[in-house]
Amino acid sequence: MLPYLDSQTANVVTFFRAIASINPCNQLLVDPYARLFLPNYLKFALVPFRLPIMSNFLFRYIKFGGGVLIRARYAEDCLKQCIKSGTKQYIILGAGWDSFTLRRPAGIDCFR
């Protein structure tokens, strides 16, 4: 990665989170902060996905988008179970533009 460029992997993952968050039919993962982390050219690319038919197309025919969200949802569901068992800290390795630290439940310390 060049020092003056964002990680393209982090941008793509955040882009899929943003698409899912603007789709009102989405129940998999809602990340209201994802859009804020995107560079301007990807914010502009979100515009067509405000139409439900476009976001449905993405998740049906481009499996990567769904896989990214499923992986994030699984990790967050596992964390919820751990919190019920008394976990107080969560470490995110390779977080990229992950906004979980902004969406975390009260009482959990997050480290990136």
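The text that follows walks through the structure, step by step, so that each part is easy to find. (Residues numbered from 1 in each chain as written. Predicted model: local features only at pLDDT ≥ 70, side-chain atom pairs only at ≥ 80, totals over all residues. Heavy atoms only, no water.)

1. Thoughts on the overall build of the protein
- Broken down by element type, the protein carries 6 helices and 2 strands.
- Reading the protein from its N end, one meets helices and strands in the order α-α-α-α-α-β-α-β.
- Counting over 112 residues, the protein shows a buried share of 33%.
- Here the analysis covers contacts within the protein between residues at least 6 apart in sequence; of these, 54% occur between residues at least 24 apart.
- Accessible surface, the protein as shown: approximately 7400 Å² in total, 63% of it carbon and sulfur. (Helix = DSSP H or I, 4+ residues; strand = E, 2+ residues; numbered from the N terminus. Buried < 20%, exposed > 50% of the residue type's maximum accessible area, 1.4 Å probe, protein only. Contact = heavy atoms within 4.5 Å. Areas by Shrake-Rupley, 256 points an atom, 1.4 Å probe, with all protein chains shown as cover.)

2. Thoughts on the environment of Gln8
- With respect to the element layout, Gln8 can be found in helix H1 (residues 8–22).
- Residue classification places Gln8 among the partly exposed positions, given a relative accessible area of 44%.
- Placed 88 residues apart in sequence, Gln8 and Gly96 show a C-alpha to C-alpha distance of 9.6 Å.
- A polar side-chain atom of Gln8 sits 3.2 Å from a polar atom in the side chain of Tyr41. (Polar contact = N/O pair within 3.5 Å; in protein donor to acceptor, adjacent residues only side chain to side chain.)

3. Overview of the packing of aromatic side chains
- Counted under the stated rule, the structure contains 3 aromatic pairs.
- Considering the side-chain rings of Phe15 and Phe16, the 6.3 Å spacing of their centres and the 65° angle between planes classify their relative orientation as edge-to-face. The same class applies to Phe15 and to Phe16, which are both buried. (Phe/Tyr/Trp six-rings, centres within 6.5 Å; stacked < 30°, edge-to-face > 60°.)

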